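Examination of the molecular architecture
Spelled out, the chains give:
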Amino acid sequence: MPSSELQRINAFLSDFARRQSARSVELPGGFAVYDDAFAHSHADNQVVIDGAVDPEALPAVVEEALGHLPHRMVSVLDDATGTACAEPLLRAGYTHSPYLVMVHTGPVPVGGPADVVDLEALRGPLTERWRGFLPDVDDEVVRQLVERRAARRRGAAVVHFIGARTERGDVASWADLYLEPASGVAQIEDLITAEPHLGRGYGDAVLTTALRMAVDAGCGTRFLTADADDWPRHWYERRGFTVVGRSHCFARE
């Protein structure tokens, strides 16, 4: 049985997905979200499973919900449910990526030298980073992956873009901060550093600033998600984050 804190985190993630979407449709065990303005964004056009579901029936449910799209993406918030769904989805041609839910349990930093920035300040460095991540996609795909950030403002009571700047004023590292003071939950999402500025402490500046802002907003639960098989999870562990659960993402092109 998930802990009460993990249950609150999963409820936050489910609510965020619904609120951020342009429209949603109820499905057995969850819902589908859609945003035609960002049709190339898998996260904005996907199925989210947040309840009990028949694993064998899930591939057909997803096909019905996302059959008009060139991609399929399924996020399963509960670890046991995601594990049960893995085999049927793998048979249907999906890839499986487990994600760790990590809660900040270390000392709360006094703050950091980053601040709130607007989307305009992020467009340039975010565009360049996406072109580095996805060198083979066209400009429209990159544009949507950048501009979709504006829709995230709908997802939580307070949404900030946090950025650390160089001496010249360029945004070197950035992240989203989602605050829900009524439930005491905050999420730090998509912490990215521009390639020329890696290893210079800008990511730390963004993270410590975001944590301090979450505490000041009354959020006792401060969490993020990290790829279970990638190095950033260890970077976060060294900065006071502890694994409290897992979620699962399944994708197919």
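Here we summarise the structure given alongside this text.

Procedures and definitions
- Residues numbered from 1 in each chain as written.
- Predicted model: local features only at pLDDT ≥ 70, side-chain atom pairs only at ≥ 80, totals over all residues.
- Heavy atoms only, no water.
- Helix = DSSP H or I, 4+ residues; strand = E, 2+ residues; numbered from the N terminus.
- Phe/Tyr/Trp six-rings, centres within 6.5 Å; stacked < 30°, edge-to-face > 60°.
- Buried < 20%, exposed > 50% of the residue type's maximum accessible area, 1.4 Å probe, protein only.
- Lys NZ or Arg CZ within 6 Å of the ring centre and 35° of its normal.
- Axes fitted to C-alpha atoms, helices over the stretch in contact; angles between N-to-C directions.
- Parallel < 35°, antiparallel > 145°, perpendicular 65-115°, else oblique.
- Left-handed = near helix turned anticlockwise from the far one by under 90°.
- Contact = heavy atoms within 4.5 Å.
- Nonpolar A, V, L, I, M, F, W, Y, C, P; charged D, E, K, R; others polar.
- Salt bridge = Lys/Arg side-chain N within 4 Å of Asp/Glu carboxyl O.
- Pairing = 2+ DSSP bridges.

Turning to the environment of D15, a few remarks are in order. The residue D15 is located in helix α1 (residues 4-20) in this model. In the structure, D15 is positioned 92 residues away from P107 in sequence and 28 Å away in space, judged by C-alpha atoms.

Applying the stated criterion across every chain yields a total of six aromatic pairs. Look at W130 and F133: their rings are 5.7 Å apart centre to centre, the planes differ by 85°, and that puts the pair in the edge-to-face class. Placement of the pair is W130 and F133 together in helix α4 (residues 119-133), with a separation of three residues, close to one helical turn. Judged by its relative accessible area of 41%, F133 is partly exposed. When the centroid spacing of 5.8 Å and the interplanar angle of 70° are considered together, the rings of Y236 and F241 count as edge-to-face. Relative accessible area serves as the criterion here: at 9%, Y236 is assigned to the buried category. We classify F241 as buried; its relative accessible area is 3%. The rings of F12, F16, Y178 and F223 are connected pair by pair, giving a single aromatic cluster. Residue placement shows R18 over the ring face of F31; its charged tip is 3.8 Å from the ring centre. Between the NZ or CZ atom of R23 and the centre of the ring of Y34, over which it lies, the distance is 4.3 Å.

Now for the packing of α4 against helix α5 (residues 139-147). Each pair of packed helices gets described by two things: the angle between the helix axes and the distance between those axes. Two numbers describe how α4 lies on α5: the axes approach to 9 Å, and their chain directions differ by 135°. By the angle class used here, α4 and α5 are oblique. Once α4 is placed against α5, the crossing between them reads as right-handed. Between α4 and α5, the residues in contact are L119, R123, L126, T127, W130 and R131 and D139, V142, L145, V146 and E147, respectively. Its residues assigned to classes, the contact of α4 with α5 comprises six nonpolar, one polar and four charged.

For the rest of this paragraph, the subject is the pattern of salt bridges. Counting across every chain of the model gives 21 salt bridges. The partner of R123 in a salt bridge is E147, and the shortest N-O contact between them spans 2.7 Å. A residue pair is termed long-range when its members are at least 10 positions apart, and R123 in helix α4 and E147 in helix α5 qualify at 24 residues. Owing to a relative accessible area of 28%, R123 belongs among the partly exposed residues under this scheme. R152 is the partner of D190 in a salt bridge, and the nearest nitrogen-oxygen pair spans 2.9 Å.

Let's shift gears to the pairing of strand β9 (residues 185-193). Most of β9 is tucked away: seven of the nine residues are buried. Judged from the seven bridges that link them, strand β8 (residues 171-180) and β9 form a sheet pairing that is antiparallel. Its bridge partner lying in β9, Y178 is registered against Q187. Count of turn residues in the β8/β9 antiparallel hairpin: four residues, of which G184 carries a positive phi of about 75°.

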